[in-house]
Amino acid sequence: MAKSNFSKALGRELGKNTGKLISNKLFGNGHATPYRVTGRVQAAQIRASAVNAQAEALKAQANAQLEAEKMRLKHENTAREISTIGEISNIEFSENPKEIASQLNQIISLLNAQKSREVLKAGIEKVDFGILTLTSHDLAQASYFETKLKKLKFRYNVPYYSLIGGVILLALGGIFINLQKSGGLFNMGVGFLLVGMYASLFTLIKFFKKD
């Protein structure tokens with residue numbers, strides 16, 4: 001009896017394994033045993049991790065190259081500013097009124113193409129000195145360049161004017177809001193506050209930002 005039961009159990013196991021073998025041959029790994037499916041999942045996860053790691057490495061490399069390029073441009077701009085300031089400082093004004101006027105035009109043309117406040121400041125000081133030299137030779141010419149100098153000074157001082165305007169708007173906004181808790185003055189006060197905050201923050205960022 002025991003032998004008969006053993007034979008039946010063996011037959012069932014052989015039949016099950018034979019069926020799996022036939023199924024795997026016919027349908028592939030889609031009908032394979034569970035451990036093969038798990039192995040495929042793990043392999044896919046490993047490949048995905050490798051791809052992600054490679055992508056992160058490429059991203060880090062690109063960021064490093066971008067930062068290096070920014071630093072290079074910053075150093076180039078600084079060197080260019082120093083060179084331009086040196087060029088302006090080395091100008092020696094002539095005693096001839098026409099030559100002085102030509103030198104002043106040269107400096108002013110150079111400054112009109114400049115965005116650097118350091119270069120602009122050095123140029124304004126040089127033009128101021130040149131006008132003083134020219135005054136003793138030709139008052140009309142000196143007056144002409146004085147007008148150009150005022151424009152340069154205004155351009156240099158625009159950030160200060162913007163900051164002062166922003167502070168004034170902030171103050172007006174606070175006054176209007178305190179005068180009226182709702183209504184037209186209140187809304188106007190809120191508007192002044194927003195514009196004043198924007199103008200002040202924008203100006204401060206321009207002052208302290210180093211390109």
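Residues numbered from 1 in each chain as written. Predicted model: local features only at pLDDT ≥ 70, side-chain atom pairs only at ≥ 80, totals over all residues. Heavy atoms only, no water.

Caption draft 1: Focus on the overall build of the protein chain. When helices and strands are counted, the protein chain shows 6 helices and 0 strands. Secondary structure elements of the protein chain occur, N-terminal to C-terminal, as α-α-α-α-α-α. For the protein chain, the exposed area adds up to about 15300 Å²; of that, 63% sits on carbon and sulfur atoms. (Helix = DSSP H or I, 4+ residues; strand = E, 2+ residues; numbered from the N terminus. Areas by Shrake-Rupley, 256 points an atom, 1.4 Å probe, with all protein chains shown as cover.)

Caption draft 2: Seen up close, the environment of T203. As for its placement among the helices and strands, T203 is situated in helix α6 (residues 184-208). Looking at T203, the relative accessible area reads 4%, which means it is buried. A C-alpha to C-alpha distance of 5.9 Å links T203 and P159, two positions 44 residues apart in sequence. Dropping the residues within four chain positions of it, T203 is found in contact with P159, S162 and L163. (Buried < 20%, exposed > 50% of the residue type's maximum accessible area, 1.4 Å probe, protein only. Contact = heavy atoms within 4.5 Å.)

Caption draft 3: Broad picture of a nonpolar patch on the surface. On the surface, a nonpolar cluster with roughly 1000 Å² of combined accessible area is contributed by F154, V158, Y160, Y161, I164, I168, L172, I175, L179, L185 and M188. Considering every element that reaches the nonpolar patch, the biggest residue donor is helix α5 (residues 139-179), with 9 residues. With respect to the helices and strands, the residue F154 is situated in helix α5. (Patch = residues over 30% accessible without salt bridge, like charges linked within 9 Å, V, L, I, M, F, W, Y side chains within 5 Å. Salt bridge = Lys/Arg side-chain N within 4 Å of Asp/Glu carboxyl O.)

Caption draft 4: Looking closely at the pattern of salt bridges. This model, assessed by the stated rule, comprises 2 salt bridges. Among the salt bridges present, the one from R72 reaches E69, with a minimum N-O distance of 2.5 Å. In this pair, R72 and E69 are both assigned in helix α2 (residues 34-89), 3 residues apart and thus about one turn of the helix distant.

Caption draft 5: A look at the nonpolar core. Residues L104, L111, V127, I131 and F145 are the most contacted members of the largest nonpolar core, which totals 20 residues. Of all elements in the fold, only α3 (97-112), α4 (117-135) and α5 reach the threshold of two or more residues within this core. Look past the residues within four positions of I131 in its chain and what remains in contact with it is L104, A142, F145, E146 and L149. (Core = buried A, V, L, I, M, F, W, Y, C linked by side-chain atoms within 4.5 Å.)

Caption draft 6: Structural view of the packing of aromatic side chains. Scanning all chains against the criterion turns up 4 aromatic pairs. With a centroid separation of 6.0 Å and an interplanar angle of 45°, the aromatic rings of F93 and F129 are classed as tilted. Remark: F129 occurs in helix α4 and F93 occurs in the loop between α2 and α3; sequence separation between them is 36 residues. A residue is classified by how much of its surface remains accessible, and F93, at 13% relative accessible area, is buried. Since its relative accessible area comes to 47%, F129 is described here as partly exposed. Taking 6.4 Å as the distance between ring centres and 50° as the angle between the ring planes, the aromatic pair formed by Y156 and Y160 counts as tilted. Taken together, the residues Y156 and Y160, both in helix α5 and 4 residues apart, mark about one turn of the helix. Judged by its relative accessible area of 16%, Y156 is buried. Taking the ring centre of Y156 as reference, the NZ or CZ of R117 above it sits at 4.0 Å. (Phe/Tyr/Trp six-rings, centres within 6.5 Å; stacked < 30°, edge-to-face > 60°. Lys NZ or Arg CZ within 6 Å of the ring centre and 35° of its normal.)

Caption draft 7: Representation of α3 within the structure. The end-to-end C-alpha distance of α3, which contains 16 residues, comes to 22 Å, matching closely the 22 Å that a straight helix rising 1.5 Å per residue would cover. Three or more residues of α3 are buried, namely I100, A101, Q103, L104, I107, I108 and L111. Axial view of α3: buried residues confined to an arc of 160°, hence all on one face. Those residues of α3 that are exposed and angled more than 90 degrees off the buried face are K98 and N112. (Expected span 1.5 Å × (residues − 1). Arc of directions from axis to C-beta.)

Caption draft 8: Region of interest: the packing of α3 against α5. Direction vectors running N to C along α3 and α5 enclose 15°, while the axes themselves pass 12 Å from each other. Considering their axes alone, α3 and α5 lie roughly parallel with respect to each other. Viewed along their axes, α3 and α5 form a crossing whose handedness is left-handed. Contact with α3, carried on its side by A101, L104, N105, I108, L111 and N112, involves Q141, F145, K148, L152 and R155 of α5 and no other residues of that element. Residue composition of the contact of α3 with α5, by class: 6 nonpolar, 3 polar and 2 charged. (Axes fitted to C-alpha atoms, helices over the stretch in contact; angles between N-to-C directions. Parallel < 35°, antiparallel > 145°, perpendicular 65-115°, else oblique. Left-handed = near helix turned anticlockwise from the far one by under 90°. Nonpolar A, V, L, I, M, F, W, Y, C, P; charged D, E, K, R; others polar.)

None of the figures reported here should be taken as evidence of function without further support.
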